[in-house]
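Coordinate analysis (summary)
Given next are the chains, with one letter for each unit.
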Amino acid sequence: MLITDQEPLAIDGGKPVRDRHRHPWPRWPIFGHAEEQALKRVLNSGQWWYVGGTEGVSFEKEFAAFQHAQYGVACTNGTAAIEIAIRALEIGYGDEVIVPSYTFIASASAPLMAGALPVFVDVDPQTYNIDPDQVEAAITPRTKAIIAVHLTGRPADMDRLLAIAKRHNLYLIEDAAQAHGAEWRGRRVGALGDLGTFSFQASKNLNAGEGGMVLSNNESLADAAWSIMNVGRSRGGKWYEHPFPGSNYRMTEFQAALLRAQLQRLPQQIQLRSRNAAYLRQLLEQIPGIQLPIEDERITCQSYHLYAFRYHSDAFGGHSLEEFLRALNAEGIPSMATYRPLYQQPAFAHHAARLAALTNGKITMDYTKLHHPVCEQLCAECVWLPQYVLLGTQRDVEDIATAIARIQKAWT
Ligand SMILES: *Cc1c(COP(=O)(O)O)cnc(C)c1O
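Residues numbered from 1 in each chain as written. Predicted model: local features only at pLDDT ≥ 70, side-chain atom pairs only at ≥ 80, totals over all residues. Heavy atoms only, no water.

1. Section: the sheet that holds strand β13 (residues 382–386)
The three strands are arranged β10-β12-β13 in an open sheet whose pairing can be described as antiparallel. This sheet does not close on itself; its edge strands, each paired only once, are β10 (290–291) and β13. Two strands pair when backbone bridges link them, and strand β12 (residues 306–311) and β13 are joined in this way by five bridges, in the antiparallel orientation. Along β13, the bridge assignment pairs F309 with V383. Each of β12 and β13 is contacted by helix α11 (residues 373–381), which is oriented at about 100° to β12, the strand it contacts most. (Pairing = 2+ DSSP bridges. Helix = DSSP H or I, 4+ residues; strand = E, 2+ residues; numbered from the N terminus. Contact = heavy atoms within 4.5 Å. Axes fitted to C-alpha atoms, helices over the stretch in contact; angles between N-to-C directions.)

2. Observations regarding the site of the ligand
In the vicinity of the ligand there are 15 residues, among which G78, T79, Q178, S199 and K204 approach most closely. The contact in question runs from an oxygen atom of the ligand to an N or O atom on the backbone of G78, over 2.7 Å. Q178 places a polar side-chain atom, nitrogen or oxygen, 2.8 Å from an oxygen atom of the ligand. Relative to its unbound accessible area of 380 Å², the ligand is 91% covered by the protein chains. In terms of residue count, helix α3 (residues 78–88) provides more of the shell around the ligand than any other element does, three residues in total. (Near = heavy atom within 4 Å. Polar contact = N/O pair within 3.5 Å; in protein donor to acceptor, adjacent residues only side chain to side chain. Areas by Shrake-Rupley, 256 points an atom, 1.4 Å probe, with all protein chains shown as cover.)

3. Here's the deal with the packing of aromatic side chains
One pass over the full model with this rule turns up 18 aromatic pairs. Look at Y311 and F316: their rings are 4.7 Å apart centre to centre, the planes differ by 50°, and that puts the pair in the tilted class. The class for Y311 is buried, based on a relative accessible area of 2%. Connected via pairs of aromatic rings, a cluster forms that spans F59, F63, F66, F198 and F200. The ring of W239 has R233 sitting right over it, with the charged end atom 3.3 Å from the ring centre. (Phe/Tyr/Trp six-rings, centres within 6.5 Å; stacked < 30°, edge-to-face > 60°. Buried < 20%, exposed > 50% of the residue type's maximum accessible area, 1.4 Å probe, protein only. Lys NZ or Arg CZ within 6 Å of the ring centre and 35° of its normal.)

4. A few points about the pairing of β12
Here β12 lies mainly inside the structure; six of its six residues are buried. Burial of the side chains of β12 extends over both faces: L306, A308 and R310 are buried on one face and Y307, F309 and Y311 on the other. Relative to β12, β10 runs antiparallel, the two sharing two bridges. When the sheet's bridge partners are listed, I290 is paired in β12 with Y311.

5. Points about the side chain of S335
Turning to its location among the elements, S335 is positioned in the loop between α9 (321–330) and α10 (346–358). Dropping the residues within four chain positions of it, S335 is found in contact with L325, L328, N329, V383, W384 and L385.

6. Thoughts on the sheet that holds strand β3 (residues 117–121)
Across a sheet, strands are paired by hydrogen bonds formed along the backbone, either parallel or antiparallel in direction. Pairing in this open sheet of seven strands is mixed, and the strands run β1-β9-β8-β5-β4-β2-β3 from one edge to the other. Looking along the sheet, the strands with just one partner apiece sit at the ends: β1 (71–75) and β3. The mean angle between the axes of side-by-side strands here comes to 25°, regardless of whether they run parallel or antiparallel. Sheet topology places strand β2 (residues 96–100) next to β3; five bridges connect them, and they run parallel. Within β3, the residue paired with I98 across the bridge is V119. On the sheet, helix α7 (residues 219–229) packs against β1, β8 (195–199) and β9 (212–216) and is oriented at approximately 15° with respect to β1.

7. Points about the packing of α9 against helix α12 (residues 394–410)
Orientation of α9 relative to α12, taken along the N-to-C sense of each, is 130°, at an axis distance of 10 Å. Put simply, α9 runs oblique to α12. For the element pair α9 and α12, the recorded crossing hand is right-handed. Taken together, the residues of α12 that come into contact with α9 (itself represented by F324, A327 and L328) are A403, I404 and I407. Looking at the contact of α9 with α12, its residues break down into six nonpolar, no polar and no charged. (Parallel < 35°, antiparallel > 145°, perpendicular 65-115°, else oblique. Left-handed = near helix turned anticlockwise from the far one by under 90°. Nonpolar A, V, L, I, M, F, W, Y, C, P; charged D, E, K, R; others polar.)

8. Focus: helix α4 (residues 106–113)
Of all eight residues in α4, seven are buried, a share of seventy percent or more. Considered for burial, the residues of α4 that qualify are A106, S107, A108, S109, A110, P111 and L112. In this fold, the buried residues of α4 make contact with α3, β2, β3, β4 (143–149), β5 (171–175) and α10. Positioned one or two residues after α4, G115 has a phi angle of 90°, which is positive.

9. Regarding a nonpolar patch on the surface
A surface patch of nonpolar side chains, about 400 Å² in accessible area, is lined by W49, W239 and Y240. Following the sequence through the fold, Y240 ends up in the loop between α7 and α8 (253–284). (Patch = residues over 30% accessible without salt bridge, like charges linked within 9 Å, V, L, I, M, F, W, Y side chains within 5 Å. Salt bridge = Lys/Arg side-chain N within 4 Å of Asp/Glu carboxyl O.)

10. Section: the packing of α3 against α7
Between α3 and α7, whose axes approach to 9 Å, the crossing angle comes to 120°. By the angle between their directions, the pair α3 and α7 is classed as oblique. Handedness of the α3/α7 crossing: right-handed. Between α3, through I84, R87 and A88, and α7, the contact on the second element is made entirely by L221, A224, A225, I228 and M229. When its residues are assigned to classes, the contact of α3 with α7 shows seven nonpolar, no polar and one charged.

11. Description of the pattern of salt bridges
The final tally for this structure, using the stated rule, is 24 salt bridges. For R18, the salt bridge identified is with D399, shortest N-O distance 2.9 Å. Of this pair, R18 sits in the segment before α1 (33–45) while D399 sits in helix α12, and the two are 381 residues apart along the sequence. Comparing R18 with D399, the two get one shared label, buried. A salt bridge links R395 to D399; its shortest N-O distance comes to 3.4 Å. Residue R395 and its partner D399 are both found in helix α12; the two are separated by four residues, about one turn of the helix. On the basis of relative accessible area, R395 is assigned to the partly exposed category, the value being 46%. Beyond isolated ion pairs, a larger network of salt bridges with shared partners links D157, D159, R185, D296 and R298.

Here's what the structure looks like:
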């Protein structure tokens, strides 16, 4: 049971639930001898480049296999991975791509960078993921693809999204930047749709500082992605032959070697996060005003890049989300607010103005008029805990719940 004592809150001068110096959270990243050996192996080989190297191609195979995919194309980062996916599908000017409004900007800036028009749709209040009904309502004759984001590491509703994509002859891209190891009905995400993309940026559950990957079960799409990643060359083609428009999105051998070592640690970390997340759920369910996303038995594994819940201020004496986060961090629990509605970012209005000018007003979109009630509510109410707090002990999990329960009690 949770301790709900009468101690003053840490923001009011009381002793924090958790002294971060005496009881630090698990450090991130986690590394050791294996990573050191991997980096030295590349260093001493003198082969630091993807071209002609063994680490990058080995990592592509190993990570694709890990995600139950046939083909992998390594690249510089998760943002580039989505851009590669968009270009591999030959999406560009005049095309529309449906994306959720509650996600990281890269999910929507990737179609934008290819000249396509991101069409935002609202998310589901129970799952925080793209709402399939809204997707269906947003389809027009110009729609080419849907980008499903597995936000926080919770798979989006792939049954419905795959059915919609098939019925309307659309591509389905999975932005799985937060979903390493996540499963939908026992199958890992990334190649459930046409193309899936991952990030290995520093905060992500598999990390080399930067890095990305495109996955697919479709060989010709994977070849197209490889070509775009490697300045438009073709596999087996000559060095100065460039049959396709591409760019340089090559990963280095250092990144790949580090990621191969990190991948060995991932299965055990996934288990630990899942166990701790289940326990945290049990504890948080008892606290008034904390609302957790609903459970879905089709999701057989979540990767918990972030542990998300909604904060209802009315059960906390009307204290704002900012006050709650200040109080929770003061108790020694790392926690943060989430995104802003993407359509409010000036980047999209800027893009729409340029497209309208380039097409003499044929393509127009007024992003500033959009209003997605669920997205806006989640932006105002959602709290994230970073993944590494789930890599500790049961006691660590109890500290999180104790701190939230103590704040709730003190404010009511
Ligand atoms: C991190 C992230 C990206 C971008 O990955 P980078 O490697 O940082 O470029 C894209 N989409 C989502 C949902 C992310 O969380």
